Amino acid sequence: MNFPLARSEDTEQQQKAALQSFYRVAGNSCALLTDSIATSCAITHVSTNVNVTNRGSHGLQLMLSGDIRMQVTFKPSISGGSNMPSVQKP
């Protein structure tokens, strides 16, 4: 995630807002999975890395990367369960 930094605003507050944005994404990740392909989901680990780079005339940019690890149980149709067509052996 990239965020331009306004020199006129508090850098710490801008970093906090960027982290909150990432954590909202992390927090909604399990809901997205259970709405589509999973029967259960739990976040097991979240880590973030924040870097600020000076882009010269384009100003400062905050770059946030992160890792979200989850324990997911997939719906049977996704994991090859009973909803998948059976293969007959000769």
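A quick note: this is a predicted structure, and the numbers were derived from the prediction, not measured. (Residues numbered from 1 in each chain as written. Predicted model: local features only at pLDDT ≥ 70, side-chain atom pairs only at ≥ 80, totals over all residues. Heavy atoms only, no water.)

Colleague: What am I meant to see in the overall build of the protein chain here?
Modeller: Along its length, the protein chain carries two helices and three strands. Starting at the N terminus, the α and β elements of the protein chain follow one another as β-α-β-β-α. Nonlocal contacts in the protein chain, meaning residues at least 24 apart in sequence, comprise 59% of its contacts between residues at least 6 apart. Roughly 6,600 Å² of accessible area belongs to the protein chain as shown, and the carbon and sulfur atoms make up 50% of that amount. (Helix = DSSP H or I, 4+ residues; strand = E, 2+ residues; numbered from the N terminus. Contact = heavy atoms within 4.5 Å. Areas by Shrake-Rupley, 256 points an atom, 1.4 Å probe, with all protein chains shown as cover.)

Colleague: Before we go on, may I ask you to explain the state of the cysteines in this structure?
Modeller: In a disulfide, the sulfur atoms of two cysteines are covalently bonded to one another. Here the structure, examined in full by the defined rule, presents one disulfide. Each sulfur in the disulfide pair cysteine 30 and cysteine 41 lies 2.0 Å from the other. With the S-S dihedral at roughly -60°, the linkage between cysteine 30 and cysteine 41 falls on the left-handed side. Of this pair, cysteine 30 sits in helix α1 (residues 11-36) while cysteine 41 sits in strand β2 (residues 38-54), and the two are 11 residues apart along the sequence. (Disulfide = S-S within 2.5 Å.)

Colleague: Is there a simple way to think about α1 in this case?
Modeller: What sets the pattern is the α-helix's 3.6 residues per turn: residues three or four places apart point alike. Its 26 residues give α1 an end-to-end C-alpha distance of 37 Å, which sits within 8% of 38 Å, the value for a rise of 1.5 Å per residue. Among all positions in α1, only Gln14, Ala18, Leu19, Ser21, Phe22, Ala26, Ser29, Cys30 and Leu33 are buried. Elements that come into contact with the buried residues of α1 comprise β1 (2-5), β2 and β3 (60-74). The N-cap residue of α1 is aspartate 10: its side-chain oxygen and the backbone nitrogen of glutamate 12 are 3.3 Å apart. (Expected span 1.5 Å × (residues − 1). Buried < 20%, exposed > 50% of the residue type's maximum accessible area, 1.4 Å probe, protein only. Polar contact = N/O pair within 3.5 Å; in protein donor to acceptor, adjacent residues only side chain to side chain.)

Colleague: Which parts of the structure should I look at to understand the sheet that holds β2?
Modeller: Sheets are built from strands that pair by backbone hydrogen bonding, the pairs being arranged parallel or antiparallel. An order of β1-β3-β2 is seen for the three strands of this open sheet, with the pairing classed as antiparallel. With one partner strand each, in any of the chains shown, β1 and β2 form the two edges of the open sheet. Averaged over all pairs of adjacent strands, the angle between their axes in this sheet comes to 20°, without regard to strand direction. With four bridges connecting them, β1 and β3 associate as antiparallel partners. In the strand pairing of β3, phenylalanine 3 is matched with leucine 62. (Pairing = 2+ DSSP bridges. Axes fitted to C-alpha atoms, helices over the stretch in contact; angles between N-to-C directions.)

Take it as geometry only, folks, not as evidence of what the structure does.
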